[in-house]
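Summary of the model geometry
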Amino acid sequence: MDWLNPPPHWNLADGVLDVVTGERTDFWRETHYGFIRDDGHLYGERVTGDFTAEAEVWGDYGTLYDQAGLMLRIDERTWIKAGVEFVDARRTLSVVVTRDFSDWSTVPVLDAPNPVRLRVSRHGTAIRVEWAASASDRYGMLRLAYLPEAGTAMVGPMCCSPQRAGFRARFTGFRVGAPISRDLHA
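Residues numbered from 1 in each chain as written. Predicted model: local features only at pLDDT ≥ 70, side-chain atom pairs only at ≥ 80, totals over all residues. Heavy atoms only, no water.

Our next topic: the side chain of Ser161. Along the chain, the position of Ser161 falls in the loop between β15 (153–160) and β16 (168–177). Judged by relative accessible area, which is 0%, Ser161 ranks as buried. Ignoring anything within four residues of it in the chain, the contact list for Ser161 reads Thr21, Gly22, Arg24, Thr25, Asp66 and Phe167. (Helix = DSSP H or I, 4+ residues; strand = E, 2+ residues; numbered from the N terminus. Buried < 20%, exposed > 50% of the residue type's maximum accessible area, 1.4 Å probe, protein only. Contact = heavy atoms within 4.5 Å.)

Right under this line is the structure:
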């Protein structure tokens with residue numbers, strides 16, 4: 001695995017990745033805000049073809065837009081980030097799909113679990129993002145999105161802190177394997 005934009009502080013031991021973000025980091029392209037940011041932290045594995053990636057994600061959320069989750073990235077103009085983001089003083093499930101321009105969707109739950117399990121599956125051009133409150137809970141659909149196929153992409157833990165430095169995130173159980181079934185309602 002390799003870093004895209006290494007954070008100032010990180011540690012990987014016994015399958016646990018601890019990260020402290022740099023100053024005002026983010027992944028975003030144009031929409032609404034009019035700027036391009038491509039300096040968030042991604043610790044990714046190279047993948048080809050169909051796959052499923054999953055991890056448990058925890059964050060010390062407290063400042064607007066603090067975020068941690070999983071990212072699937074083809075290049076700087078084509079990617080998906082999904083996880084938990086601090087919005088309106090609460091943890092919110094969030095997905096950004098970027099194909100030249102970013103879109104942003106959130107699920108206004110009272111407070112997203114901390115930690116939360118995330119799973120991203122690729123079946124050709126269909127990307128399924130799912131979440132679960134714990135390892136023993138069943139995954140539920142968060143988003144089904146289009147992303148063009150690419151020879152190689154990068155997938156892995158992602159975190160950003162657009163309003164500050166020092167957001168702490170932890171990722172456990174990250175793995176990439178064969179894709180789960182395409183059946184959405186099994």
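The seven strands are arranged β2-β3-β16-β7-β12-β13-β14 in an open sheet whose pairing can be described as antiparallel. The open sheet has two edge strands, β2 (9–13) and β14 (140–146), and neither has a second partner. Averaged over all neighbouring strand pairs, the angle between strand axes comes to 20°, with direction disregarded. Bridging between strand β7 (residues 51–59) and β16 involves seven bridges; their strand directions are antiparallel. Paired with Val57 across the strands is Phe171, a residue of β16. (Pairing = 2+ DSSP bridges. Axes fitted to C-alpha atoms, helices over the stretch in contact; angles between N-to-C directions.)

As enumerated under the stated definition, the model contains twelve salt bridges in all. In this structure, Arg164 engages Asp66 in a salt bridge whose closest nitrogen and oxygen atoms are separated by 2.5 Å. Here Arg164 is found in the loop between β15 and β16, whereas its partner Asp66 is found in the loop between β7 and β8 (67–75), with 98 residues between them in sequence. Classification of Arg164 as partly exposed rests on a relative accessible area of 21%. (Salt bridge = Lys/Arg side-chain N within 4 Å of Asp/Glu carboxyl O.)

With that settled, the discussion passes to the nonpolar core. Core analysis: the biggest nonpolar cluster contains 35 residues, and Ala68, Ile80 and Phe171 have the highest contact counts within it. Every residue in contact with Ala68, bar those within four places of it in the chain, is listed here: Val57, Tyr61, Ala82, Gly83, Val84, Met158, Cys159, Phe167, Ala169 and Phe171. Phe27, Leu42, Trp79 and Cys160 belong to the second-largest nonpolar core, a separate cluster that totals nine residues. (Core = buried A, V, L, I, M, F, W, Y, C linked by side-chain atoms within 4.5 Å.)

Moving on, we come to the packing of aromatic side chains. Scanning all chains against the criterion turns up eight aromatic pairs. On the numbers, 4.8 Å between centres and 40° between planes, the contact of Trp3 with Tyr43 is tilted. With Trp3 in strand β1 (residues 2–4) and Tyr43 in strand β6 (residues 41–47), this residue pair connects regions lying 40 residues apart in the sequence. Note on accessibility: Trp3 and Tyr43 belong to one class, buried. (Phe/Tyr/Trp six-rings, centres within 6.5 Å; stacked < 30°, edge-to-face > 60°.)

With that out of the way, let us pick up the sheet that holds strand β10 (residues 90–99). With antiparallel pairing, seven strands are arranged side by side in an open sheet as β1-β6-β15-β8-β9-β10-β11. What marks the edges here is a single partner per strand, and that holds for β1 and β11 (101–107). The sheet shows a mean angle of 25° between the axes of neighbouring strands, direction not considered. Pairing geometry for β8 and strand β9 (residues 78–87), over eight bridges, is antiparallel. The partner of Met71 across the bridge, within β9, is Lys81.

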